[in-house]
Amino acid sequence: MTDQTMHFQAEVTRLLHIVTHALYSQKEIFLRELISNASDACDKLRFAAQTDPALWAGDVELKVTITAEKTGRILSIADNGIGMDRDELIANLGTIARSGTGEFVSSLSGDSARDMALIGQFGVGFYSAFMVAGKVEVVSRKAGEAQAWRWVSDGSGQFSIGEAERNGRGTTILLHLREGEDEFLDPARLGRIVKTYSDHVALPVVLQDGDKAETLNAASALWSRPKAEITEQQYKDFYHHVAHAFDEPWLTLHARAEGKLDYTLLLFVPGMRPHDLFDPARKSALKLYVRRVFITDRCDELVPAWLRFLRGVVDSADLPLNVSREMLQHNPVVARIRQAITRRVLGELEKKAEKDATAYAVFWEAFGAVLKEGLYEDAEHRAQLLKLARFRSSAREGWVSLDDYIAAMKDGQAAIYVINGDQLDQLRRSPQLEGFRARGVEVLLLTDPVDDFWLSVVQDHAGKPIKSATRAGADLDAVKDSDAARPDAAEKVEGAALGTLIAALKQVLGDAVKDVRESKRLTDSAVCLVAADGDLDMHLERLLRLHQKLDATSPRILEINPGHALIRALAARAQQPGAMDALTDAALLLLDQARLMEGETLADPAGFAQRLARVMEKGL
Ligand code: ADP
Ligand code: MG
């Protein structure tokens with residue numbers, strides 16, 4: 001059979017173009033990427049051999065071997081891991097499988113300085129080989145098979161694939177180095193690179209020089225070493241390795257438990273949001289090991305989904321080595337480890353929040369929205385999560401906890417008030433907040449989509465009910481307030497005059513509103529919409545409609561501000577003959593205005609425009 005030529009997926013071609021034309025200063029990371037792949041391949045072999053020991057085929061010392069061939073200027077990286085067959089070579093090295101790399105390609109801007117920074121941030125896996133090699137050959141033989149395959153490419157749009165021979169299973173990557181890259185043939189340089197980037201890889205990385213073989217790395221599982229022997233830098237390097245990340249971990253949690261449950265955790269909270277944080281398929285990224293043998297990084301039961309930003313390793317001594325994915329699903333050991341992780345992580349977060357509010361704010365900004373999913377899903381940890389939660393506020397800058405809020409409550413204020421919306425600045429300007437502000441009552445501003453959901457199940461905190469400021473029953477009258485600028489201090493319509501106007505508005509608006517009422521909360525605006533007690537929250541309703549979960553709009557209560565000049569003028573007009581004709585346009589305009597301030601769309605924009613034109617014309 002002759003070799004076959006194939007084309008790369010378009011994204012790969014783009015990626016390779018960047019990689020090969022990049023003047024990236026940290027080219028040596030290619031070695032980290034190839035060693036990481038070799039190590040993954042060995043993990044996979046070990047796991048597969050649990051159920052099929054024949055795969056070992058007498059070759060049981062898993063390792064990575066680096067050879068520098070000076071005359072031909074070829075650097076080779078070989079492993080005796082799982083290997084790839086023909087189809088796998090085509091799929092794995094011709095397309096972009098990893099979500100992170102796909103993300104990388106789609107965020108490429110064409111601006112080389114920016115794109116370079118991205119390479120540093122994402123790493124580009126196997127393709128980074130082309131940073132130093134003009135031609136890359138991959139010879140691979142899958143465990144349990146006799147036939148080996150050769151994949152060759154110069155990184156320009158296509159690759160070829162054909163039959164090959166290889167001694168035993170595994171993969172050899174042969175890098176035909178470009179002009180000027182001879183430093184990567186120097187044993188001392190290679191030794192330093194491996195030490196820097198791959199010291200924590202759990203299997204030996206051996207430099208083979210003739211018949212001299214030297215192991216370059218420590219080759220032990222970092223998490224199994226005592227804490228006192230591990231430097232901060234080693235933790236950081238390990239985080240980079242295990243999380244495929246390049247930032248500083250925000251929190252490192254290394255713990256061991258012995259006794260009823262025997263496990264080791266080395267967990268990290270990333271310093272930045274990982275790119276797949278909101279990917280619904282990704283519930284956990286933790287790697288599960290059993291007595292230092294890699295089992296899976298797809299064990300969703302290991303942590304609650306609302307802790308899915310955690311990265312790192314869980315090593316259990318209580319699970320059998322041949323545990324299958326199915327066995328993990330309802331496993332009591334896994335359930336207990338999950339509880340332990342949750343307890344420890346929440347404990348650490350509490351400590352950090354107490355010790356350093358500024359550092360905690362960095363965490364909250366990155367992962368608060370995820371943690372809040374727990375308020376909704378996890379009744380058991382709700383109280384603890386409410387303590388950890390931070391909010392924006394109408395009354396101050398920065399982040400506020402519920403306890404901060406309660407400490408600042410006004411005399412006579414009975415509830416914790418919140419308002420939901422899409423954007424902070426829009427919420428800050430919301431007419432619903434006017435009366436709260438005038439009385440010095442703080443309102444928490446919630447802008448994450450998840451807020452609507454947890455608010456539907458969390459009724460109170462520390463004995464105080466949590467209420468939306470957009471609800472009708474917001475009892476502001478009870479708030480004792482020394483401030484003279486109270487809204488009812490101003491001149492306003494009252495009594496029969498107000499009653500007549502309200503009746504007229506109700507008649508014009510009919511079913512479009514649930515009620516028309518005098519407002520206690522408005523000071524500057526003429527009108528606003530509020531939800532009746534027991535009705536769906538207005539923001540939640542809008543969200544549900546946006547996601548096609550709801551098509552009807554429920555009518556709201558229109559509140560009018562009796563102190564506002566416009567309302568006063570309308571009330572005066574309502575007393576005169578022919579009032580209904582005069583008030584029709586005004587009533588509909590008031591309702592549309594209130595809707596617009598809510599961020600709603602208008603049911604009849606053309607009608608709105610005509611009415612507005614008529615009123616303006618009269619006014620001029
Ligand atoms: P990632 O390692 O994040 O999946 P890479 O670009 O580094 O992305 O590698 C792509 C894929 O190629 C891997 O997921 C793996 O399936 C395959 N692969 C790469 N190197 C090896 C190897 N040495 N042995 C077996 N498979 C490999
Ligand atoms: Mg990789």
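Predicted model, so just to flag it, every value in this text is computed and none were measured.

Digging into the sheet that holds strand E7 (residues 170–177)
Phase 1 of the analysis: Taking strand neighbours across the sheet as the criterion, the nine strands line up as E1-E6-E5-E4-E7-E3-E2-E8-E9 in an open arrangement whose pairing is mixed. On the outer flanks of this sheet lie strand E1 (4–7) and strand E9 (212–215), each paired with one strand and no other. Sheet twist, expressed as the mean angle between neighbouring strand axes with direction ignored, is 20 degrees.
Phase 2 of the analysis: Where strand E4 (residues 133–141) and strand E5 (residues 148–153) come together, six bridges link them in antiparallel fashion. Opposite Val-138, over in E5, you have Trp-151 as the bridge partner.
Phase 3 of the analysis: This element, helix H2 (residues 29–51), spans strand E2 (64–69), strand E3 (74–79), E7 and strand E8 (205–209) of the sheet and lies at about 25 degrees to E3.

Structural notes on the packing of helix H17 (residues 495–509) against helix H19 (residues 565–574)
The relative placement of two packed helices comes down to the angle between their axes together with the axis-to-axis distance.
Phase 1 of the analysis: One can describe the packing of H17 onto H19 by two numbers: an axis separation of 9 Å at closest approach and a directional angle of 85 degrees. One finds that H17 runs roughly perpendicular with respect to H19. Within the contact between the two elements, H17 uses Ala-497, Thr-500 and Leu-501 and H19 uses Ile-567, Leu-570, Ala-571 and Ala-574.

Details of the environment of Asp-515
Phase 1 of the analysis: Locating Asp-515 in the fold gives a position in strand E20 (residues 513–518).
Phase 2 of the analysis: Apart from the residues within four sequence positions on either side, Asp-515 is in contact with Lys-506, Arg-556, Ile-557 and Leu-558.
Phase 3 of the analysis: A polar contact is formed between the side chain of Asp-515 and the side chain of Lys-506, at a distance of 3.3 Å.

Thoughts on helix H7 (residues 232–243)
The periodicity of an α-helix, 3.6 residues per turn, causes residues three or four places apart in sequence to face the same way.
Phase 1 of the analysis: End to end, H7 covers 16 Å across 12 residues, agreeing with the expected 16 Å (1.5 Å per residue, within 8%).
Phase 2 of the analysis: Looking at the buried side of H7, the elements it contacts are helix H6 (187–198), strand E10 (251–257), strand E11 (263–269), strand E12 (287–290) and strand E14 (311–316).

Description of the pairing of strand E22 (residues 556–560)
Phase 1 of the analysis: In terms of residue burial, E22 counts as a mostly covered element, since five of its five residues are buried.
Phase 2 of the analysis: Where E20 and E22 come together, five bridges link them in parallel fashion. Within E22, the position partnered with Asp-515 by the bridge is Ile-557.
Phase 3 of the analysis: For strand E21 (residues 527–530) and E22, the ladder comprises four bridges, and the chain directions are antiparallel. Following the sheet pairing, Leu-529 is matched in E22 by Leu-558.

Some words on the packing of H2 against H6
Phase 1 of the analysis: Where H2 meets H6, the axes come as close as 9 Å, and the angle between the chain directions of the two elements is 65 degrees. In the crossing of H2 with H6, the sense of the turn from one axis to the other is right-handed. Contacts from Ile-29, Leu-31, Arg-32 and Ile-35 in H2 reach Leu-190, Ile-193, Val-194, Tyr-197 and Ser-198 in H6.
Phase 2 of the analysis: Looking at side-chain class alone, the contact of H2 with H6 contains seven nonpolar, one polar and one charged residues.

Considering the sheet that holds E21
Strand pairing in a sheet is mediated by backbone hydrogen bonds. Such pairs are either parallel or antiparallel.
Phase 1 of the analysis: With mixed pairing, three strands are arranged side by side in an open sheet as E20-E22-E21. Either end of the sheet is taken by a strand with one partner, and the two such strands are E20 and E21. Direction aside, the axes of adjacent strands within the sheet are offset by 25 degrees on average.

Regarding the pairing of E8
Phase 1 of the analysis: Sheet topology places E2 next to E8; four bridges connect them, and they run parallel. Opposite Thr-65, over in E8, you have Val-206 as the bridge partner.
Phase 2 of the analysis: The loop that links E8 with its antiparallel partner E9 comprises two residues; one of these, Gly-210, has a positive phi angle of about 60 degrees.

Re the nonpolar core
Phase 1 of the analysis: If you look at the biggest cluster of nonpolar residues, it comprises 72 residues, and the most contacted ones within it are Phe-309, Leu-310, Ile-341, Phe-363 and Trp-454.
Phase 2 of the analysis: Beyond its immediate sequence surroundings of up to four residues, Phe-309 is in contact with Phe-268, Val-269, Pro-270, Leu-277, Phe-363, Phe-367, Val-370 and Leu-371.

A few points about the environment of Lys-467
Phase 1 of the analysis: Here Lys-467 is to be found in strand E19 (residues 464–468).
Phase 2 of the analysis: For Lys-467, a relative accessible area of 30% puts it in the partly exposed group.
Phase 3 of the analysis: Taking C-alpha positions, Lys-467 is 6.0 Å from Ile-416, a pair spaced 51 residues apart along the chain.

Details of the domain arrangement of the protein chain
Phase 1 of the analysis: Split into domains, the protein chain comes out as domain 1 (4–214), domain 2 (223–355) and domain 3 (490–532 + 546–619).
Phase 2 of the analysis: Inter-centroid distance (C-alpha atoms) of domain 2 to domain 3 is 56 Å.

Quick notes on the pattern of salt bridges
Phase 1 of the analysis: This structure, assessed with the given rule, holds 31 salt bridges.
Phase 2 of the analysis: Residue Arg-517 pairs with Asp-515 through a salt bridge whose shortest N-O separation is 3.1 Å.
Phase 3 of the analysis: Between Asp-592 and Arg-595 there is a salt bridge whose closest N-O contact spans 3.3 Å. Note that Asp-592 and Arg-595 are positioned in helix H20 (residues 579–597) at a spacing of three residues, about one turn of the helix.
Phase 4 of the analysis: One salt-bridge network, held together by shared partners, links Glu-541, Arg-542, Arg-545, Arg-556, Glu-598 and Glu-600.

Observations concerning the packing of aromatic side chains
Phase 1 of the analysis: For the structure on display, the rule yields 19 aromatic pairs.
Phase 2 of the analysis: For the ring pair Phe-8 and Trp-151, a centre distance of 6.1 Å and an interplane angle of 55 degrees mean the geometry is tilted. Of this pair, Phe-8 sits in the loop between E1 and helix H1 (10–21) while Trp-151 sits in strand E5, and the two are 143 residues apart along the sequence. Of the two residues, Phe-8 and Trp-151, neither departs from the other in class, the shared state being buried.
Phase 3 of the analysis: Ring centres 5.9 Å apart and planes at 45 degrees place the aromatic pair Phe-363 and Phe-367 in the tilted group. Placement of both Phe-363 and Phe-367 in helix H10 (residues 357–371) is noted, with a separation of four residues, approximately one turn of the helix.
Phase 4 of the analysis: The class for Phe-363 is buried, based on a relative accessible area of 1%.
Phase 5 of the analysis: For Phe-367, a relative accessible area of 0% gives the class buried.
Phase 6 of the analysis: One aromatic cluster is present, formed by Trp-250, Phe-309, Tyr-360, Phe-363, Trp-364 and Phe-367 through successive ring pairs.

Definitions and cut-offs
- Residues numbered from 1 in each chain as written.
- Chains lettered and ligands numbered in written order.
- Predicted model: local features only at pLDDT ≥ 70, side-chain atom pairs only at ≥ 80, totals over all residues.
- Heavy atoms only, no water.
- Pairing = 2+ DSSP bridges.
- Helix = DSSP H or I, 4+ residues; strand = E, 2+ residues; numbered from the N terminus.
- Axes fitted to C-alpha atoms, helices over the stretch in contact; angles between N-to-C directions.
- Contact = heavy atoms within 4.5 Å.
- Parallel < 35°, antiparallel > 145°, perpendicular 65-115°, else oblique.
- Polar contact = N/O pair within 3.5 Å; in protein donor to acceptor, adjacent residues only side chain to side chain.
- Expected span 1.5 Å × (residues − 1).
- Buried < 20%, exposed > 50% of the residue type's maximum accessible area, 1.4 Å probe, protein only.
- Left-handed = near helix turned anticlockwise from the far one by under 90°.
- Nonpolar A, V, L, I, M, F, W, Y, C, P; charged D, E, K, R; others polar.
- Core = buried A, V, L, I, M, F, W, Y, C linked by side-chain atoms within 4.5 Å.
- Domains from an automatic or database assignment.
- Salt bridge = Lys/Arg side-chain N within 4 Å of Asp/Glu carboxyl O.
- Phe/Tyr/Trp six-rings, centres within 6.5 Å; stacked < 30°, edge-to-face > 60°.

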